[in-house]
Amino acid sequence: MIISVASGKGGTGKTTIAVNLALSLGSVQFLDCDVEEPNAQIFLKARITGDKKAFVLVPKVDEDKCIYCGQCREVCAYNAIAVLPGSGGAKGKILVFPYLCHGCGACSLFCPQGAIKEVHKEIGLIEVGDKDEIQFVHGRLNIGETMSPPLIRQVKEYINPTRTVIIDAPPGTSCPVITAVKGSDFCILVTEPTPFGLNDLILAVEVLKKIEIPFGVIINRADIGDHGVELYCQENNIPILMRIPFDREIAKLYSNGTPLIVKKPEYIAQFKDMFNLITKGLSA
Amino acid sequence: MKICITSEGKTLDSKVDPRFGRCQYFIFFDMDAGSFEVQENTSAQFQGGAGIQSGQFVVSKGVQAVLTGNVGPNAHQVLSAAGISIMTGVSGTVKDVIAAYKKGELKAASGPSVGSHFGMPSKNK
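Position numbers for residues count from 1 along each chain, tracking the sequence in the order it is written. Chain letters start at A and ligand numbers start at 1, both assigned in the order the entries are written. Owing to the predicted nature of the model, reporting of local features is limited to residues with pLDDT of at least 70; listing and counting of side-chain atom pairs is limited to 80 or more, with chain, interface and lining totals taken over all residues. As a rule here, side-chain values come from all non-hydrogen atoms in the structure, and water together with hydrogens is ignored.

S.K.: What am I meant to see in the sheet that holds strand β11 (residues 240-244) of chain A here?
M.R.: Hydrogen bonds between backbone atoms are what pair the strands of a sheet, whose relative direction is either parallel or antiparallel. Residues and elements named next belong to chain A. Taken in spatial order, the nine strands line up as β3-β6-β7-β2-β8-β1-β9-β10-β11 in an open sheet, and their pairing is mixed. The outermost strands of the open sheet, each flanked by one partner alone, are β3 (47-61) and β11. Across the sheet, the axes of successive neighbouring strands diverge by a mean angle of 20°, strand direction being ignored. Any two strands are treated as partners once DSSP identifies two or more bridges connecting them. Only DSSP runs of H or I with at least four residues qualify as helices, and only runs of E with at least two residues qualify as strands; both kinds are numbered from the N terminus onward. Bridge analysis of β3 against strand β6 (residues 116-131) gives 14 bridges, and the strand direction is antiparallel. Counted as the bridge partner of Val61 is Ile116 from β6. Packed onto the sheet, helix α1 (residues 14-25) meets β1 (2-6), β2 (29-32), β7 (134-141), β8 (165-168), β9 (186-191), β10 (215-220) and β11 and runs at close to 165° relative to β8. Contacts between residues were defined by any pair of non-hydrogen atoms, one from each residue, lying within 4.5 Å. Axes here mean lines fitted to C-alpha atoms, for a helix over just the part in contact, with angles spanning 0 to 180 degrees between N-to-C directions. Set on the sheet, helix α7 (residues 195-210) makes contact with β9 and β10; between it and β9 the angle comes to about 170°.

In structure tokens:
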């Protein structure tokens, strides 16, 4: 079973939930798919046992063969290639914008001259390791790279089907989030009881409905803010899986990189209960 | 020779659009004939690569100069590859900036004036 932890709004406590859920359950696999800022390792402190560079394919044009016909530009859905035809005897020009490229390979496939080759471009690193019984994998996107979904997909290739898998997803509601949560059996949405939290929760709920993943909500810092999130969940029959109070001690542990359950073991039972609730709900 | 001005409207009395890649209209002004042609910018709504597409379109029109408010890095790369001079920081009506260009009052920019996605609606409105 794959459980992903996501949130529309950033900074609501995704990593706190994902890490502590994993530690409470024990023998799970943990994937940090928030490859732009993978911070679960700060808390898990897994022993890294291996790594692998992650690549995407980008076009490389052989200008000796190119006739500047523009076919590659026509088929590129992301405007990653510009072709300037030559005029008055002058040679044309072709420009590739690798940061816009999604690596689909259409340009190379459709080039009538065979002038476009796909070459590897390094975008990040995948590290694997373990923390006691937990299997750990995370991806780290190189600084300056804009395209995280290919790396997220490559991290997810490590999914161990024999284990319960916990995925720490990036925040938001765009491609990286969808790439991370796709294929999950259940998604935990972490939010906070503020107008911002509610606004972004609604967006995240719409995404999950569209991609048909069952979900529930955890309200973090539940005793501050307003009642908007509670009311919204009630009106829309969204299960509230857990409420975590605003607690200075939790914030302090977080800032020291200490997992919540290490100093507050009473939460272990809560996380286990929530997990049982989710599995029971899914089999019902 | 022909020049291109990014415009918020379809006439020479319209204001210059401060964005290149996501401008509303391109006005192609023929300096010799004093006539002009208006084209709606079909790339304005692209999620990404608007500057690249707009740049190629403007290049295909055979212009020598682009007069606009700002040009991003990708569009700048396309326009300069085609040897087009780019005048940024231009504002006012299209008519006025053409007059300023004729008098040689505008200077070509050597690099992009803004970063990527400057012209995205969510960034500036």
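S.K.: I would appreciate a short explanation of α7 of chain A in the present structure.
M.R.: Helical geometry: 3.6 residues make up each α-helical turn, so side chains three or four residues apart lie on a common side. Residues and elements named next belong to chain A. Multiplying one less than the number of residues by 1.5 Å gives the expected span of a helix. Relative to the 22 Å expected for 16 residues at 1.5 Å per residue, α7 spans 23 Å between its end C-alpha atoms, a close match to the ideal helical length. For α7, every residue scored as buried is listed here: Gly197, Leu198, Leu201, Ala204, Val205, Val207 and Leu208. Next to the buried residues of α7 lie α6 (175-181), β9, β10 and α8 (228-235). The rule is simple: take the accessible area with a 1.4 Å probe, protein chains only, and divide by the maximum for that residue type; under 20% is buried, over 50% is exposed, in between is partly exposed.

S.K.: Could you clarify how one ought to interpret the packing of helix α1 (residues 50-60) of chain B against helix α2 (residues 73-81) of chain B in this entry?
M.R.: The relative placement of two packed helices is expressed as an angle between their axes plus a distance between the axes. Residues and elements named next belong to chain B. Direction vectors running N to C along α1 and α2 enclose 25°, while the axes themselves pass 8 Å from each other. Judged by the angle between their axes, α1 and α2 are roughly parallel. Both α1 and α2 take part in a crossing whose hand is right-handed. In contact with Gly51, Ile52, Gly55, Gln56, Val58 and Val59 of α1, α2 contributes Asn74, Ala75, Val78 and Leu79. Roughly parallel covers angles under 35 degrees, roughly antiparallel covers those over 145, roughly perpendicular covers 65 to 115, and oblique covers all other angles. The handedness criterion is simple: a crossing whose near helix is rotated anticlockwise from the far helix by less than a right angle is left-handed, and one whose near helix is rotated clockwise is right-handed.

S.K.: Can you walk me through unusual backbone geometry in this structure?
M.R.: Trans peptide bonds make up most of the peptide bonds, and negative phi angles are found at most residues other than glycine. Residue and element names in this part refer to chain A. If you check the backbone angles, Asn79 has positive phi at about 55° while not being a glycine. Along the chain, Asn79 turns up in the loop between α3 (71-75) and β4 (81-84). Among the residues examined, Asn79 registers a relative accessible area of 7% and is labelled buried. The backbone phi angle of Asp132 is positive, close to 50°, even though this residue is not glycine.

S.K.: What should I look at first to understand the sheet that holds strand β4 (residues 65-67) of chain B in this one?
M.R.: All names here are of chain B. Spatially, five strands are ordered β3-β2-β1-β4-β5 in an open sheet, and the strand pairing comes out mixed. Of all strands in the sheet, those with a lone pairing partner are β3 (36-40) and β5 (85-87), marking the two edges. Each neighbouring strand pair of the sheet contributes to a mean axis angle of 20°, computed without reference to strand direction. Running over the sheet, α1 touches β1 (2-7), β2 (25-30), β3 and β4 and is turned about 20° from β2.

S.K.: What is the right way to read the pairing of β1 of chain A from this model?
M.R.: Residues in a regular strand point their side chains to alternate faces of the sheet. Residues and elements named next belong to chain A. Here β1 lies mainly inside the structure; five of its five residues are buried. Across the two faces of β1 the burial is the same, with Ile2, Ser4 and Ala6 and Ile3 and Val5 all buried. The sheet contact formed by β1 and β8 spans four bridges and is parallel. Bridge pairing in β8 places Ile3 opposite Ile166. Note: β1 against β9, four bridges, orientation parallel. Across the sheet, the residue bridging to Ser4 is Cys187, located in β9.

S.K.: Explanation requested: the interface of chain B and chain A in the structure shown.
M.R.: Many analyses report the size of an interface as the accessible area lost when the parts associate. Of the residues lining the interface, twelve residues belong to chain B; the matching set on chain A comes to eleven residues. What gets called buried area is simply the loss in accessible area from a 1.4 Å probe that two parts show on being joined, summed for both. In total, chain B and chain A occlude about 960 Å² of area from one another, counting both sides; carbon and sulfur atoms represent 62% of this. If you sort the residues of chain B by the area they bury against chain A, Ile52, Gln56 and Ala81 of chain B come out on top, with a joint share of 46%. Polar contact is defined as a pair of N or O atoms within 3.5 Å, subject to the rule that within protein one atom must be able to donate a hydrogen and the other to accept it, and that residues adjacent in sequence are counted only when both atoms are side-chain atoms. Run the count over chain B and chain A and you get five residue pairs in polar contact (both at pLDDT 80 or more). Three categories are distinguished: nonpolar for Ala, Val, Leu, Ile, Met, Phe, Trp, Tyr, Cys and Pro, charged for Asp, Glu, Lys and Arg, and polar for the others, with Gly belonging to the last. Here the residues of the side of chain B that touches chain A sort into six nonpolar, six polar and no charged.

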